[in-house]
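Spelled out, the chains give:
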Amino acid sequence: DGHVVRSSPEQSIDNWLYTRNISHAYEKLIQTDGEEIYFSDWFLKEGNVYIEYWGMEGWDRYDKRKEKKLEVYRREGHNLIEIHKDDVKIIDDILPRELRKYGIETY
């Protein structure tokens, strides 16, 4: 769909959404009441769902930023699907199940 992403796993996820005709925005600003500025990996208008791919877990700086970002999602009450490094290998199992929780069916 023309999105320029940051990694091969992100490309796999983006392509997965595209090939299933799931409209999505890449690196969308996360709406907050505060002054923090965070971008989600993806946002799906249908279901009002944010998707995060945590591909660099285990790096101290990354993990701290991840925790701050998760707090924003919790505080703002946003719907969130988290995808971890090993999940990409089984994305066909993970994403349909997670999307269904927000009323999004995949075929």
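Refer to the preceding data block for the structure.
Structure report, in brief. These numbers come from a predicted model, not from an experiment.

1. Focus: the overall build of the chain
Reasoning step 1: A tally of regular secondary structure across the chain gives three helices and four strands.
Reasoning step 2: For the chain, the α and β elements follow one another from N to C terminus as α-β-β-β-α-β-α.
Reasoning step 3: Over its C-alpha trace the chain gives a radius of gyration of 13 Å, about what one expects of a compact globule, namely 13 Å for 107 residues.
Reasoning step 4: When the backbone C-alpha atoms are referred to their principal axes, the chain occupies close to 40 × 25 × 25 Å.

2. Regarding the layout of surface pockets
Reasoning step 1: The volume enclosed by the largest pocket comes to roughly 540 Å³.
Reasoning step 2: Lining the largest pocket are 18 residues, and of these R6, D41, M56, Y62 and K69 sit closest to its centre.
Reasoning step 3: Among the secondary structure elements, those contributing two or more residues to the lining of the largest pocket are α1 (8-19), β3 (49-54) and α2 (60-76).
Reasoning step 4: Considering every element that reaches the lining of the largest pocket, the biggest residue donor is α2, with five residues.
Reasoning step 5: Residues of the lining of the largest pocket, tallied by class, amount to six nonpolar, three polar and nine charged.

3. Topic: the sheet that holds strand β4 (residues 79-84)
Reasoning step 1: Here we have four strands laid out as an open sheet, ordered β1-β2-β3-β4, and mixed in their pairing. The sheet terminates laterally at β1 (25-26) and β4, the two strands that pair on one side only.
Reasoning step 2: Pairing between β3 and β4: six bridges, direction parallel. Residue pairing for β4: E52 is matched across the bridge by E82.
Reasoning step 3: Of the strands in this sheet, β3 and β4 are in contact with α2, which crosses β3 at around 165°.

4. Some points on helix α3 (residues 91-100)
Reasoning step 1: Buried within α3 we find I91, I94, L95, P96, E98 and L99.
Reasoning step 2: Residues of α3 that are buried make contact with α1, β2 (42-44), β3 and β4.

What counts, and where the lines are drawn
Residues numbered from 1 in each chain as written. Predicted model: local features only at pLDDT ≥ 70, side-chain atom pairs only at ≥ 80, totals over all residues. Heavy atoms only, no water. Helix = DSSP H or I, 4+ residues; strand = E, 2+ residues; numbered from the N terminus. Rg over C-alpha atoms; globule rule 2.2 N^0.38 Å. 1 Å grid on protein atoms, 1.4 Å probe; cavity = no way out; pocket = protein on both sides within 12 Å on 5 of 7 lines; lining within 4 Å. Points joined across faces, edges and corners; volume = space filled by probe spheres on them. Nonpolar A, V, L, I, M, F, W, Y, C, P; charged D, E, K, R; others polar. Pairing = 2+ DSSP bridges. Contact = heavy atoms within 4.5 Å. Axes fitted to C-alpha atoms, helices over the stretch in contact; angles between N-to-C directions. Buried < 20%, exposed > 50% of the residue type's maximum accessible area, 1.4 Å probe, protein only.

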